[in-house]
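Each chain, letter by letter, is given below.
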Amino acid sequence: MMGLSACGCIAIASDDVSRRLVKDAPGPVGRVVPTANMSRPRMAHTATALPNGRILIAGGFTTEADAAQSAELFDPLRDRFLALPRMGTVRHSHTATLLPDGKVLISGGFAAGSTTVASAELFDPITNTFSPTGMLGEPRAGHVAVLLGTGKVLIAGGVGPDWTFLSSAELYDPATGRFTRTGDMTVARESHVAVRLVDGRVLIAGGHRDRRAAITIYRSAETYNAATGRFTAVGDMQVRRHKHDGVLLRDGRVLMTGGSDERDDEGAYRSSELFDPKTGTFSRGPALQRPRYKHAGSSILLRNGTVLVAGGAGHAEMYDPVAVAFSVVAGDGQLAGQFSAVAPTSNGGALIAGGYGNGGGPRALAWVYRP
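Residues numbered from 1 in each chain as written. Predicted model: local features only at pLDDT ≥ 70, side-chain atom pairs only at ≥ 80, totals over all residues. Heavy atoms only, no water.

## A few points about the overall build of the protein
In step 1: Assigned secondary structure in the protein consists of 0 helices and 33 strands.
In step 2: The dimensions of the protein, computed from C-alpha atoms along their principal axes, are 50 × 45 × 40 Å.
In step 3: Looking at the protein as a whole, 58% of its 371 residues are labelled buried.
In step 4: Considering only contacts within the protein whose residues lie at least 6 apart along the sequence, 51% involve residues at least 24 apart.
In step 5: Total accessible area on the protein is roughly 14200 Å²; 51% of this is exposed by carbon and sulfur atoms. (Helix = DSSP H or I, 4+ residues; strand = E, 2+ residues; numbered from the N terminus. Buried < 20%, exposed > 50% of the residue type's maximum accessible area, 1.4 Å probe, protein only. Contact = heavy atoms within 4.5 Å. Areas by Shrake-Rupley, 256 points an atom, 1.4 Å probe, with all protein chains shown as cover.)

## Some words on the pattern of salt bridges
In step 1: Counted by the stated rule, this structure contains 18 salt bridges.
In step 2: Its salt-bridge partner being Asp75, residue Arg54 comes within 3.7 Å of it at the nearest N-O pair. Here Arg54 is found in the loop between strand S2 (46-49) and strand S3 (55-58), whereas its partner Asp75 is found in strand S4 (residues 71-75), with 21 residues between them in sequence.
In step 3: Take Asp75: its relative accessible area is 6%, and that puts it in the buried class.
In step 4: Taking the shortest distance from any N to any O, the salt bridge between Glu170 and Arg140 comes out at 2.8 Å. One end of the pair, Glu170, is in strand S14 (residues 169-173); the other, Arg140, is in the loop between strand S9 (129-132) and strand S10 (144-147), with 30 residues separating them in the sequence.
In step 5: If you follow the salt bridges from partner to partner, you end up with Arg54, Asp75 and Arg78 in one network. (Salt bridge = Lys/Arg side-chain N within 4 Å of Asp/Glu carboxyl O.)

## Remarks on the sheet that holds strand S30 (residues 330-331)
Paired through backbone hydrogen bonds, the strands of a sheet run either parallel or antiparallel to each other.
In step 1: Strand order in the open sheet formed by 5 strands is S30-S1-S33-S32-S31, with mixed pairing between adjacent strands. Each end of this open sheet is capped by a strand with a single partner; those strands are S30 and strand S31 (341-344). (Pairing = 2+ DSSP bridges.)

## Looking at the layout of surface pockets
Any empty space left between atoms is shown by rolling a water-sized probe over those atoms.
In step 1: There is about 1700 Å³ of room inside the largest pocket.
In step 2: Lining the largest pocket are 48 residues, with Ala96, Ala145, Ala194, Ala296 and Gly297 positioned closest to its centre.
In step 3: Contributions of two or more residues to the lining of the largest pocket are made by S2, strand S6 (95-98), S10, strand S16 (193-196), strand S22 (245-248), strand S26 (299-301) and S31.
In step 4: Taken together, the residues of the lining of the largest pocket sort by class into 24 nonpolar, 19 polar and 5 charged. (1 Å grid on protein atoms, 1.4 Å probe; cavity = no way out; pocket = protein on both sides within 12 Å on 5 of 7 lines; lining within 4 Å. Points joined across faces, edges and corners; volume = space filled by probe spheres on them. Nonpolar A, V, L, I, M, F, W, Y, C, P; charged D, E, K, R; others polar.)

## A closer look at the confidence of the model for the protein
In step 1: The share of residues in the protein with pLDDT of 70 or more is 92%, and the mean pLDDT across the chain is 92.
In step 2: Confidence drops under a pLDDT of 50 for residues 1-26, and excluding neighbours within four residues, the segment shows 75 contacts in the predicted structure. (pLDDT = per-residue confidence, 0-100.)

## Topic: the side chain of Ser260
In step 1: In this fold, Ser260 is placed in the loop between strand S23 (254-257) and strand S24 (272-276).
In step 2: When near neighbours in sequence (up to four residues on either side) are disregarded, Ser260 contacts Ile217, Arg240, Arg241, His242, Lys243, Gly267, Ala268, Tyr269 and Tyr293.

## Thoughts on the sheet that holds S9
In step 1: Strand order across the open sheet formed by 4 strands is S6-S7-S8-S9, with antiparallel pairing between neighbours. The open sheet has two edge strands with one neighbour each: S6 and S9. When strand polarity is set aside, the average angle formed by the axes of neighbouring strands in this sheet is 25 degrees.
In step 2: Pairing analysis gives 4 bridges linking strand S8 (residues 120-124) to S9, with the strands arranged antiparallel. Each residue of the ladder has a partner; that of Asp124, found in S9, is Thr129. (Axes fitted to C-alpha atoms, helices over the stretch in contact; angles between N-to-C directions.)

## Describing unusual backbone geometry
In step 1: Within the chain, Asp79 stands out as a residue other than glycine whose phi angle is a positive 50 degrees.
In step 2: Mapped onto the elements of the fold, Asp79 is located in the loop between S4 and strand S5 (80-83).
In step 3: Here Val324, not a glycine, exhibits a phi torsion of approximately 55 degrees, which is positive.
In step 4: Assignment of secondary structure puts Val324 in the loop between strand S28 (317-320) and strand S29 (325-328).

What follows is the structure, encoded as C-alpha cells:
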C-alpha cells in the first residue's frame, strides 16, 4: 500500500469557534443520493469536470495495486463510470487542472510509498487518452494548482523527496508544454488551500510544514501576483488551519471551512471564516453543522450562489451567503468523507466520489448531489 502525507499527534490545540453549539439551520434544496460505483476504490484522487459534461477521475491512494494508475469517466446522463486507458504514471495526492483548450493537466503526486514524482501528463477528452508533457522543476505531492488568467497554471508548495517541505512555485505554459520557476511562497506549505480571486491574484492560506512533534500549522496567508511573479503576505486567518478547503463566493470573498489542529481527526474544526480581498483580512464565519477536514477541493459554488461542502464528513452541507449559515443536505449520510473527490455536474449538481473514513478505508462508492 502506498503512503499518505500525514502529521503526527502532539499537544492539544484549541479552536474556540469550532466548540460553539449551533442549531440546525433550515434544510437546503436538493439531496445526496448514491450512484454507480467507480471501478476501483480510491482516495486522494482527482475529479475534473470536462467541457463535454463528463467528469474525469484519475489516480488515487488505494488497496489495489493498479488502481493508482487507472482513470475513468463519469457520465452524469447515464449515472455510470466508463473505462479509460491508464495514466502514464502511478500517482495520488496529485493535482488535475482543466486548461483553456479543454485538456486536463495532471501533475506530480506520490507514486509507490512516499516517492514524489516530477512527471506531468495531459488528458485529451476528444481522444480519451493520456500523453506526457513537460516535467516539474521539482518532484512534489500535496501541492496546489490554479489556472491563472494568462492561461498558465500556478503550482505551489507541497512535499518533495525525503519529506522536504517546499516553498517553491512554478508555472506550466500550455503553449510550450514546459514548467518554469516563479517566485517562492513566504513559507513552505503542505495541506494548504489556493483560490484564484476575481482580480486575478491567487490566495494561498494555511497548511503546515514538518511532521509529527515538529509540525507547524499556519494561520498565515499570502497572495500570488501573476504580473510580478511574487507572493505577498496578507492578513492571518482567525484560526490555524490545515487540511481545510476554500471556495470563491459570488461577491468576491473566499469562504474557508474546517480543517484540523495537531490532533488530526480528533481536532477537526466546525469553524469557518471569510477572506475579503479588498481589505486583505479574514473574519469569522458561521459554524459548520459537522466537523470536517481533509476535504480540499470538495466545495462547489452552485448556480444560485450557495456553496455545497461535500467532503470531510459523513454528511454534505450547504452554505447560504444570504442567511450566513450552514445546513445539512438531505439524503445519504454515509459519505466516505476524507480525501474524496468532488466535481460539478452540468445539471447544477455535483459528483462525490470515493474517499475514506466514516468506518472504512478507500472506497469505490460514489454519490451525486441533485439540486
